[in-house]
2 protein chains.
Amino acid sequence: MRQTMQHIKHLLGEQGHSWTRARSAVLTVLTTVPSPLRAEEIHRTVRSSGINLSSVYRALRLFETLNIVRRVELGGAARYELADDYRHHHHHLVCDACGRIDDVATCPVEAADLTRQIRKRTGFAVRSHVLELFGLCRSCRRDGR
Amino acid sequence: MRQTMQHIKHLLGEQGHSWTRARSAVLTVLTTVPSPLRAEEIHRTVRSSGINLSSVYRALRLFETLNIVRRVELGGAARYELADDYRHHHHHLVCDACGRIDDVATCPVEAADLTRQIRKRTGFAVRSHVLELFGLCRSCRRDGR
DNA sequence: TTGATTTTGCAAATCATTTGCAATATATGC
DNA sequence: GCATATATTGCAAATGATTTGCAAAATCAA
Ligand SMILES: [Mn+2]
Ligand SMILES: [Mn+2]
Ligand SMILES: [Zn+2]
Ligand SMILES: [Zn+2]
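Source: prediction; values computed, not measured.

Draft legend 1. Layout of the protein's contact with DNA strand C. Near DNA strand C you find 20 residues, and of these Y57(A), T20(B), R23(B), G50(B) and S55(B) are the closest. In DNA strand C, atoms within 4 Å of the protein come from the sugar-phosphate backbone in 70% of cases. The separation between a base oxygen of DNA strand C and a polar side-chain atom of R58(A) is 3.3 Å. Note that a phosphate oxygen of DNA strand C is positioned 2.5 Å from one of the backbone N or O atoms of G50(B). Within the residue set of the surface near DNA strand C, elements represented by two or more residues are helix 4 (53-65) of chain A together with helix 2 (21-32) and helix 4 (53-65) of chain B. Of the residues in the surface near DNA strand C, the class split is 6 nonpolar, 9 polar and 5 charged.

Encoded structure:
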């Protein structure tokens, strides 16, 4: 999305970071593909532009600290997707059989106001949470796996 | 807990696995310490018995597949704790400042009956979920970090 | 106790990710 | 645009966590 790219480019400038081919390319992939991708998957689509895997990792790391991208851990290599500031806060349904990953907008942590409950009960101030749901997607279920 | 150890020993036998010094030692640690531990931390307390780090990893892997232990991913090395069959289903509060890890019994996924809702809406059959909460524990909050 | 079967210690391999460094690209002020 | 100070990159080597091959040692069932 052009809007998002422009905004992020500007943000990088403000923070004293350059707008480089590598960063731009990685970001293009992430704004294009909705599911969380591995560094290696991102690299596969930008390597033709002569961009090194290390640079992909470096770009992702920078984006993560700037809250542009968030890391998603689903077992194995980490995955990355645009952060909540650019896409609705959401969680994932991961199919154990075929590996398909879908978004779920429903957040039970927000729905239950869990953050407030925990703060009241324990004094712990929740600032973020990780929630991932695993199971079988409709079609794998049909295939009786 | 003696009860738990006996039960697991019996379970291993049933499934054709031996009851070995390494497995017994790892299990003793896990039934003793309530917070999720890293392989290396477990090893530190059993190395004196001449047990190798590889064996700790192998024991943990076996226990995981037998649903005796569950892996907890909180960033960095994986951690392991007794599985839900032996301890209440629960999640964690991880303090970003001091690293303290507490259990939370409240499960918003169960509370919201999210599994059923998702199945109805999307056909996806949720079988398990991962939820970890990050923030500042009461005392780190007081210290104003 | 014994022989068949598992498991272990150890070292080397693997996998994801990070890092040092010299070469290259980007930004900024002419 | 052009020069140049600074930031970034490619590449290869390092790292940290976890896994693996294999011969030796432990466990198990008879
Ligand atoms: Mn997503
Ligand atoms: Mn726990
Ligand atoms: Zn949420
Ligand atoms: Zn739960």
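Draft legend 2. Structural detail: the sheet that holds strand 2 (residues 69-72) of chain B. Residues and elements named next belong to chain B. Strands sit in the order 1-3-2 across an open sheet of 3 strands; the sheet is antiparallel. Only two strands of the sheet have a single neighbouring strand rather than two, namely strand 1 (37-38) and strand 2. Of the pairings in the sheet, the one linking strand 2 to strand 3 (residues 79-82) comprises 4 bridges and is antiparallel in character. In the sheet register, R71 faces strand 3, and the bridge partner there is Y80.

Draft legend 3. Representation of the relation of the copies chain B and chain A in the model. Between the two copies, chain B and chain A, the superposition gives an RMSD of 0.1 Å; the rotation angle is 179° and the shift along the axis is 0.0 Å. The symmetry that links the two subunits is that of a two-fold axis. Across chain B, the rotation axis passes nearest the C-alpha of L131(B), at a separation of 2.2 Å. Take the interface residues of chain B: 100% of them recur as interface residues in chain A, which is what a same-surface contact looks like.

Draft legend 4. Broad picture of the protein's contact with DNA strand D. Close to DNA strand D lie 20 residues, the nearest being R23(A), G50(A), S55(A), R58(A) and Y57(B). Among atoms of DNA strand D positioned within 4 Å of the protein, sugar and phosphate together represent 70%. A distance of 2.4 Å is found between a phosphate oxygen of DNA strand D and a backbone nitrogen or oxygen belonging to G50(A). R58(B) places a polar side-chain atom, nitrogen or oxygen, 3.3 Å from a base oxygen of DNA strand D. Those elements that place two or more of their residues in the surface near DNA strand D are helix 2 (21-32) and helix 4 of chain A together with helix 4 of chain B. If you tally residues by element for the surface near DNA strand D, the top one is helix 4 of chain B, at 4 residues. Here the surface near DNA strand D is built from residues that sort into 6 nonpolar, 9 polar and 5 charged.

Draft legend 5. Focus on the coordination of the zinc ion (ligand 3). Residue and element names in this part refer to chain A. The protein atoms that coordinate the zinc ion (ligand 3) are H89 (NE2), H91 (NE2), C107 (SG) and H129 (NE2), at distances spanning 1.9 to 2.2 Å. Around the zinc ion (ligand 3), the 4 donor atoms sit at angles spanning 101 to 115°, and that spread fits a shape best called tetrahedral. Sequence spacing of the donors to the zinc ion (ligand 3): H-x1-H-x15-C-x21-H. Remark: H129 occurs in strand 6 (residues 125-136) and H91 occurs in strand 4 (residues 91-95); sequence separation between them is 38 residues. Just as H91 is buried, H129 falls in that class too.

Draft legend 6. Quick look at the environment of G76(A). Examined against the element boundaries, G76(A) turns out to sit in the loop between strand 2 (69-72) and strand 3 (79-82). Separated by 28 residues in sequence, G76(A) and V104(A) place their C-alpha atoms 21 Å apart.

Draft legend 7. Region of interest: the nonpolar core. In this structure, I118(A), L133(A), I118(B) and L133(B) are the most contacted members of the largest nonpolar core, which totals 28 residues. Counting only elements with at least two residues in this core, the list comes to strand 4, helix 6 (114-122) and strand 6 of chain A together with strand 4 (91-95), helix 6 (114-122) and strand 6 (125-136) of chain B. Leaving out residues up to four positions away in the same chain, L133(A) has contacts with H92(A), L93(A), V94(A), V104(A), L114(B), I118(B), F124(B), V126(B), S128(B) and H129(B).

Draft legend 8. Expanded view of the interface of chain B and chain A. Contact residues are listed per partner, giving 31 residues for chain B and 31 residues for chain A. For the pair chain B and chain A, the summed buried area comes to about 2,900 Å², and 63% of that belongs to carbon and sulfur atoms. Contact with chain A buries area across many residues of chain B, yet F124(B), R127(B) and F134(B) alone supply 20% of it, more than any other trio. Connecting chain B to chain A are 2 salt bridges. Here D96(B) makes a salt bridge to R127(A), at a shortest N to O gap of 3.1 Å. Our enumeration of links across chain B and chain A arrives at 16 residue pairs in polar contact (both at pLDDT 80 or more). Contributions of two or more residues to the side of chain B that touches chain A are made by strand 4, helix 5 (108-111), helix 6, strand 6 and helix 7 (138-142) of chain B. With 12 residues, strand 6 of chain B is the largest single contributor of residues to the side of chain B that touches chain A. Where strand 6 of chain A lies against strand 6 of chain B, 11 bridges are found, and the strand directions are antiparallel. Bridge pairing links F134(A) to S128(B) in strand 6 of chain B.

About the thresholds
Residues numbered from 1 in each chain as written. Chains lettered and ligands numbered in written order. Predicted model: local features only at pLDDT ≥ 70, side-chain atom pairs only at ≥ 80, totals over all residues. Heavy atoms only, no water. Near = heavy atom within 4 Å. Polar contact = N/O pair within 3.5 Å; in protein donor to acceptor, adjacent residues only side chain to side chain. Helix = DSSP H or I, 4+ residues; strand = E, 2+ residues; numbered from the N terminus. Nonpolar A, V, L, I, M, F, W, Y, C, P; charged D, E, K, R; others polar. Pairing = 2+ DSSP bridges. Least-squares fit on C-alpha atoms with pLDDT ≥ 70 in both. Contact = heavy atoms within 4.5 Å. Donors = N, O, S within 2.8 Å, 3.2 Å for Na, K, Ca; no water. Tetrahedral: all angles 85-135°; square planar, octahedral: opposite > 155°, others 65-115°. Buried < 20%, exposed > 50% of the residue type's maximum accessible area, 1.4 Å probe, protein only. Core = buried A, V, L, I, M, F, W, Y, C linked by side-chain atoms within 4.5 Å. Buried area = accessible area lost by both parts, 1.4 Å probe. Salt bridge = Lys/Arg side-chain N within 4 Å of Asp/Glu carboxyl O.

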